[in-house]
Amino acid sequence: MGEQAPGFGFSVRRGSSIDFDAVSALRSAVAAEGLWIGAEAPVEWTTQRREAWCRTADDEDHGAWFLANDDTAQLVGYLLVTRAGAERADLSMAVATAHRGCGVGGALLDAAVAWCRAAALSKISCQVWPHNGAALALYRSRGFLIEGRLRRHWRRRNGQLWDTITMGLVLDEYSPGSGLADAEVIR
Ligand SMILES: CC(C)(COP(=O)(O)OP(=O)(O)OC[C@H]1O[C@@H](n2cnc3c(N)ncnc32)[C@H](O)[C@@H]1OP(=O)(O)O)[C@@H](O)C(=O)NCCC(=O)NCCS
């Protein structure tokens, strides 16, 4: 980490709450596109929510931030890992419009997955809108599988209810499962 990626001038580093304003600005810009992430513009922050975000940046028991900066030190991408209990984590990420398709998202995800493995997490999850082909392709390229479609799951500000796709990367394939057979109703 911190190394220059070949062929494109960006580097990936760990973030901290000092980076909150830059991350928030990029997230707001992507939210304003209205298509890709759960947040909608204008993004509103309560003090409590801001503090919770900052905890995920500064305390590894809560999560970790991975940031990509270009040669001019401008933030061009972020990936936030939020721990969900002792063993699982949820991801959210975005890359600035002008820098998509250049390897930034892949580099951020590789760094985050490595961190999750080192932290001995058993699974990483994320939610993706069904129309978001770039995100579905990115997660798939790193081994995430589609686990389901949650129907009419998220209310948008315009009143629509959007489906979401849940994807997961299992890191612990070795612990035993329950061993119990599925109920007939879902076979
Ligand atoms: C999804 C997103 C993070 C991908 O980041 P990116 O920097 O553009 O992705 P990369 O250039 O690193 O590509 C990573 C992989 O995804 C695939 N990919 C990226 N964009 C793609 C597209 N538009 N169509 C198909 N595949 C795509 C690439 O083939 C690549 O695979 P490879 O590493 O095996 O070559 C970026 O498009 C983005 O920020 N979108 C808006 C916000 C968003 O959707 N966030 C995720 C919400 S779940």
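Residues numbered from 1 in each chain as written. Predicted model: local features only at pLDDT ≥ 70, side-chain atom pairs only at ≥ 80, totals over all residues. Heavy atoms only, no water.

Participant: Would you explain the packing of aromatic side chains in this entry?
Facilitator: Given two aromatic rings, one states the distance between the centres and the angle between the planes to describe the pair. The full count for this structure, using the stated rule, is five aromatic pairs. Look at Trp45 and Trp53: their rings are 4.7 Å apart centre to centre, the planes differ by 85 degrees, and that puts the pair in the edge-to-face class. Each ring, one from Trp129 and one from Trp162, has its centre 4.7 Å from the other, and the planes form 80 degrees; the classification is edge-to-face. On the criterion of sequence distance, the pair formed by Trp129 in the loop between strand S5 (123-128) and helix H4 (133-141) and Trp162 in strand S7 (residues 161-170) is long-range, its members being 33 residues apart. Of the two residues examined, Trp129 and Trp162, each falls in the buried class. Grouped by ring-pair contacts, the aromatic residues Phe20, Trp45, Trp53 and Trp65 constitute a single cluster. In this structure, Arg156 packs its charged tip against the face of Trp162, placed 4.3 Å from the ring centre. (Phe/Tyr/Trp six-rings, centres within 6.5 Å; stacked < 30°, edge-to-face > 60°. Helix = DSSP H or I, 4+ residues; strand = E, 2+ residues; numbered from the N terminus. Buried < 20%, exposed > 50% of the residue type's maximum accessible area, 1.4 Å probe, protein only. Lys NZ or Arg CZ within 6 Å of the ring centre and 35° of its normal.)

Participant: Looking at this structure, I do not really get the site of the ligand. What am I missing?
Facilitator: Surveying the vicinity of the ligand reveals 22 residues, the closest of which are Val95, Gly105, Gly106, Asn132 and Arg142. In the environment of the ligand, an oxygen atom lies 2.7 Å from a nitrogen or oxygen atom belonging to the side chain of Asn132. Taken by itself the ligand offers 920 Å² of open surface, and the protein chains cover 70% of this. Elements that contribute at least two residues to the shell around the ligand include exactly strand S4 (88-95), helix H3 (104-118) and H4. The greatest single-element share of the shell around the ligand, amounting to six residues, is contributed by H4. The class makeup of the residues in the shell around the ligand is 13 nonpolar, seven polar and two charged. (Near = heavy atom within 4 Å. Polar contact = N/O pair within 3.5 Å; in protein donor to acceptor, adjacent residues only side chain to side chain. Areas by Shrake-Rupley, 256 points an atom, 1.4 Å probe, with all protein chains shown as cover. Nonpolar A, V, L, I, M, F, W, Y, C, P; charged D, E, K, R; others polar.)

Participant: Quick question: what am I supposed to make of helix H2 (residues 47-58) here?
Facilitator: Side chains of residues three or four places apart in an α-helix project in the same direction, reflecting 3.6 residues per turn. For H2, built from twelve residues, the straight-helix expectation of 16 Å at 1.5 Å per residue is met to within 8% by its first-to-last C-alpha distance of 16 Å. Burial in H2 covers these residues: Trp53, Cys54, Thr56 and Ala57. When H2 is viewed along its axis, its buried side chains cluster within an angular range of 155 degrees and face the same direction. Turned more than 90 degrees from where H2 packs its buried face, Thr47 and Gln48 sit exposed. (Expected span 1.5 Å × (residues − 1). Arc of directions from axis to C-beta.)

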